[in-house]
Every structure is written in C-alpha cells, then in structure tokens.
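Chain residues, written in single-letter form:
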Amino acid sequence: MIDVRHLSHSFGPHPALQDCSFHLSRGEVLFLTGPSGAGKSTLLRLLFADLPLQRGEAVVAGFPLSKIRAAQVPLLRRQVSMVFQDFKILPLRTVYDNIVLPLQVRGMDKTHADRRVLAAARAVELENKLESSCVDISGGEQQRVAVARALVVNPRILLADEPTGNMDPELALQIMDIFKKFQNYGTTLIIATHSPELILRNPRARILRLDQGMITQANWPGAILNKFSSAVPLAAYGGGARHDSTEERDG
Amino acid sequence: MRVFFRLCKQALQDVTLNPWAQLLTLAAVTLMAFLVGIFLMAIITLDHQLGVIKGETIFQVYWRPGVEQNLIAGQWRQLRLLPGFAHIQTYTPLEALQELEGRIGRNSSSRNFPFLNENNPLPATALITFTPEAEDYERWLTETTSYLARLEGVERVSSTPLRDELGQAWRTVNSYVLRPIILFLTLILGLVVGNTVRLAMLSKSQEVEILQLVGAFDWYIRIPMLVIGGLQGLVGSALALFLLRFIHLQIEQILNFPPILMEIQFLNLQTIVLMLALPTLLGIVGGWVGIKR
Ligand SMILES: Nc1ncnc2c1ncn2[C@@H]1O[C@H](COP(=O)(O)OP(=O)(O)OP(=O)(O)O)[C@@H](O)[C@H]1O
Ligand SMILES: [Mg+2]
C-alpha cells in the first residue's frame, strides 16, 4: 500500500525530512509522532502528491510518486484521502456542500451522495449542522467537516494530519474509533498526532517518531532505522512489533 | 455531457456566492467595452464622413449663349446616363438671370434688368456631380471631360477634382489604418477583459486548490471557470453595445445641420461581431490561465 524508501525533502536549504524508509500494508495504522517542526506534515503531504518528490521514492496505492504525472494526481487522490492540519474547507459553503464535494467530483448522483454525506456527518456528529455555513461553526466542528469529507469516499488510504487537534478528548477518541472501523474494513491509515492517549487506544498500531526530519524511533522492524535512529524501541507506547505477521499479506 | 451542464449550472449558482466580485468584473468589462465602442464610433463616423465626399468630382459646363434650349434640355437628360453620375443642377439662361438678380436685390425680379429679358447674355450652365469608381479614375476623368467638351453648343468645361484628393488619400490610407485600428482596439478590449477575468479567478484559487485536493480532474475545475469567463466577456460587451446603441439614438442627429451635416454612425456589423467575439474569447482564455497547476 505505502512503500517509502530513502525519502528526503528540504525547503530551500532547510531539510524537513531526511532519509525516511518504511512500509505499510493494507489495513495497517501508523501513528506519526514527534515535536512540532519534526516533518510530520511534510511526510504526509509528500505521500499525497501535494509536494513534489525531491529525493527517494514513495509508492502509494500503486503510484510511484517520483514519476507521477500531473494528470495522474487526481487518480491517486481518488484512492487517498487527506485530512489537513488546516482543514482546507470552503468557508463560504455549507457543511453539506463541503462534505459532498469529493462525491460530486467523482460524478456520483445526488440521492446516493446524500445518503453517504448523512452517514459521514452522523459519524462525526454533524448531522444537525449540515446546512450551517462553515464560517459559522467552531474550529472543532470545522475539523470534523474535514474528517467527514475525507471519509465519505471510503478511501483505501487515509492520511490524517492532527485530525483531532481541536477536539475535546472524548470526541477525539470517538473519531479514533471511526478510524479503527475503517481500518477493519481494510483502509490503511497514517495519523500524525501529538497525543499519546490516541496512540495507546490502538495497541496494534505502528508508531514512528520523527525528530528534525529523521526517524528516530519505531516499534516494528518494517521501518528501516538509519544512522540517525536510536536503538531504543518504543516500549513506552506498547508493543506494536507483535503484529509483524500482517506484513506478509501485502501485494 | 450531463456533467458539463451540471458544472455550468453550478458555475452560475456560484456567482451568487460572491455577487459583488462578479458584478465589479462585469462592470469593468462593460465600461472598457463602452469606451472602446465610443472611440470606434468616432472613427467610423469620420470614415463615413470622408466616404461621403470621397470620389466626388464636380464638373461645371457652360454652353454658348443663344444655343437652342431644347437641344440643351435633351443633353441634360443624356448626362444622367454617364458612368458615375450622382446628380445635376441646371440653370437655363433665364434661371441664371433670376438667380443673379436674386443675389443682387432680394425682393427684386427681372424688373431690375428688364432689358435683358429679350437679349440674355448669360449662358446655360450645369453643375454635374459624379462619384466615379476608384480604379481607372484618371482615364474616367479625361474621358468624361472630353465627352462634355465635345457636346454640341458647349463652350467650356471646368472640373473640380480638388475635393476628391482628400477622398483619394483617405481611401489609400483607410485600408491600412482603419481595420488595424479596429482590430487593435478590440484586441486591447479583449486583453483587458481577459486579464480582468483572470484576476477575478484568483479569488477562486482557494476553491480550485480544494477541488484539486479532493481528486477533481483538470477539466472539471476548468469548465466552470471558462463558462464564467466567457459569459463575463460576452455579457459585458453586449451591455456596452446596448448602452452605445441607446446613446447613439439620442445623439445621431445632433451634428446633422449645415455646414457640418454629419450623421453620427453606429458601429458596423463587422465591428460589433469583433467587439462581442474577442472579449468572449479572451474571457475564456482569462478563465483558463486564471488557474495555475
Ligand atoms: N512550505 C514550507 N516552506 C518552508 N519551510 C517549511 C514549509 N513547510 C514546512 N516547513 C519547515 O519544514 C519543517 C517541518 O515542517 P512540518 O510542517 O512537516 O512539521 P510538523 O511535524 O508537521 O510540525 P507540527 O507538529 O507543528 O505540525 C519545519 O521546520 C518547517 O518550518
Ligand atoms: Mg504539521
């Protein structure tokens, strides 16, 4: 599903990501942690083809991103959904308009799309706000709009950048449970977060810790540690390494 | 095709999301088209005015005094058949005399020169105006002059090709200048419209970005932009043309008095088509380049 090899990225002279390698199979969930500025968003945006690849290779949903053409990017994004740290929703439109957007883009008819939007809105507890304009709802609600928009298409891969950052802990855990359901149906997830509670909620999860753009800790052997990495396993987060067997399923 | 119409409908509905920005763009397009239209109207009126006198050559023909008036009247009818004939103004000796008397004393009549009625010294004259074809003008001039001079009883022929020189000059310049000016101005109009639309599209850049993020294909994003851009160009210049026509109806005759005698002309069909087509086309182009990948 996701195969990252020696991926590096820099903004001007400033390196944001250095020599990252890891592999994720279908239905696996990866938590990306690390301090602010560690490169989490950069890594996710690279995998979403929102930034051009500079060095290394990443294969996402079968698309080798170093060779992807502009015309293929929409095809990639029909398999991969992303929740952005800054939401990227249309402020002047209603909650409904925002959530239905990816379905409209795919040409889905209205009745079918409406049902899906309602289901996604229920999952994030926004079913009563569907007609509200997005400028009139709170930050946490806007974030839920972004999550619902990402989920409404049943993506094969979900990249979520701090998807619960503006929510209270209870709602955040609820969103995590929704993600877990998608995982059970085979969606591959990468979730960037600062919150250990969310990670602990999912003991089977893989965990990567980034520091200054480098993978410094990982809890499973599928992540290739490099010279920057610490040998210390992520024992504190629980033993994700028990579940290596899932890797063989990948094609 | 269904998606296409849905996108167009969507695009039109989106106009209501941001009506002021759209209205301002439209107003800019309309005003620009209006200005260009006024300028073109002035040029076309000027061209028409020069066209009215262009090619006019006037001959003054004097007959010998005492030539039989019946003969002359027959010749006057014949003259109307000459190539390029426009109109003729004739004076019999008597009419010439009365004209002369009229100039000397307003309320006088032939009583001033009663002795001349019997023995009128004035010749019959005719003022003939021609609008000859442009080609072979020189040959036409010599042929017509000699024809008139050889008429029975004609004493003298003088012509005033002078007025034609301006017309001739304009005719040579016209084809080099007028069309390029019209083309140039409508092109400027189109470019300004295109750029205005392009800038207006920048206000949609957030929407474009988000559509790209949720997996929209390029054409899906572009079609509404092209439709809106083209419509703004078309509606804006059409509004300007209606406004121009309305104003034209008010001022058409205001200069039409002697000695100016100038009828203000409306734009010709070709220019109208250009003024509609180029802004529409470049509005579409503006909608296209307004989206960067
Ligand atoms: N567009 C950009 N231009 C220049 N530098 C950038 C850009 N985006 C990110 N950076 C830099 O790259 C580094 C990694 O940024 P990134 O956004 O990936 O961090 P992050 O781990 O997501 O942080 P946070 O937890 O605060 O979201 C930072 O030093 C940041 O300043
Ligand atoms: Mg970030």
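Procedures and definitions
- Residues numbered from 1 in each chain as written.
- Chains lettered and ligands numbered in written order.
- Predicted model: local features only at pLDDT ≥ 70, side-chain atom pairs only at ≥ 80, totals over all residues.
- Heavy atoms only, no water.
- Helix = DSSP H or I, 4+ residues; strand = E, 2+ residues; numbered from the N terminus.
- Buried < 20%, exposed > 50% of the residue type's maximum accessible area, 1.4 Å probe, protein only.
- Contact = heavy atoms within 4.5 Å.
- Areas by Shrake-Rupley, 256 points an atom, 1.4 Å probe, with all protein chains shown as cover.
- Donors = N, O, S within 2.8 Å, 3.2 Å for Na, K, Ca; no water.
- Patch = residues over 30% accessible without salt bridge, like charges linked within 9 Å, V, L, I, M, F, W, Y side chains within 5 Å.
- Salt bridge = Lys/Arg side-chain N within 4 Å of Asp/Glu carboxyl O.
- Near = heavy atom within 4 Å.
- Polar contact = N/O pair within 3.5 Å; in protein donor to acceptor, adjacent residues only side chain to side chain.

J.: What am I meant to see in the overall build of chain A here?
T.: Secondary structure summary: chain A contains 7 helices and 10 strands in total. Looking at chain A as a whole, 55% of its 251 residues qualify as buried. A fraction of 67% describes how many contacts in chain A between residues 6 or more apart in sequence connect residues 24 or more apart. For chain A, the exposed area adds up to about 10,900 Å²; of that, 52% sits on carbon and sulfur atoms.

J.: Can you help me understand the coordination of the magnesium ion (ligand 2) in this one?
T.: Around a metal, the perfect tetrahedron of four donors has angles of 109.5 degrees, and the perfect octahedron of six donors has angles of 90 or 180 degrees. All names here are of chain A. In this structure, Ser41 (OG) and Gln85 (OE1) serve as the protein donors to the magnesium ion (ligand 2), at separations of 1.9 to 2.2 Å. With a gap of 44 residues between them, Ser41 in helix H1 (residues 40-47) and Gln85 in the loop between strand E6 (80-83) and helix H3 (95-105) connect regions that are remote in the sequence. Take Gln85: its relative accessible area is 43%, and that puts it in the partly exposed class.

J.: Looking at this model, I keep getting lost on a nonpolar patch on the surface. Mind explaining?
T.: Residue and element names in this part refer to chain B. Taken together, the side chains of Leu12, Leu231, Leu234, Val235 and Leu239 make up a nonpolar region of the molecular surface, amounting to roughly 370 Å² of accessible area. Broken down by element, the nonpolar patch gets its largest block of residues, 4 residues, from helix H8 (residues 218-251). With respect to the helices, strands and loops of the structure, Leu12 is situated in helix H1 (residues 2-15). Classification of Leu12 as partly exposed rests on a relative accessible area of 44%.

J.: So what exactly am I meant to see when it comes to the site of ligand 1 here?
T.: Residues and elements named next belong to chain A. Within the structure, ligand 1 sits among 13 residues, and Ser36, Lys40, Ser41, Thr42 and Gln85 are positioned closest to it. Between an oxygen atom of ligand 1 and a side-chain N or O atom of His14, the distance comes to 3.0 Å. The contact in question runs from an oxygen atom of ligand 1 to an N or O atom on the side chain of Ser41, over 2.7 Å. Coverage of ligand 1 by the protein amounts to 64% of the 630 Å² it exposes when considered alone. Of all the secondary-structure elements, those providing two or more residues to the shell around ligand 1 are strand E2 (14-24) and H1. Among the elements that take part in the shell around ligand 1, H1 stands out by supplying 3 residues, more than any other.

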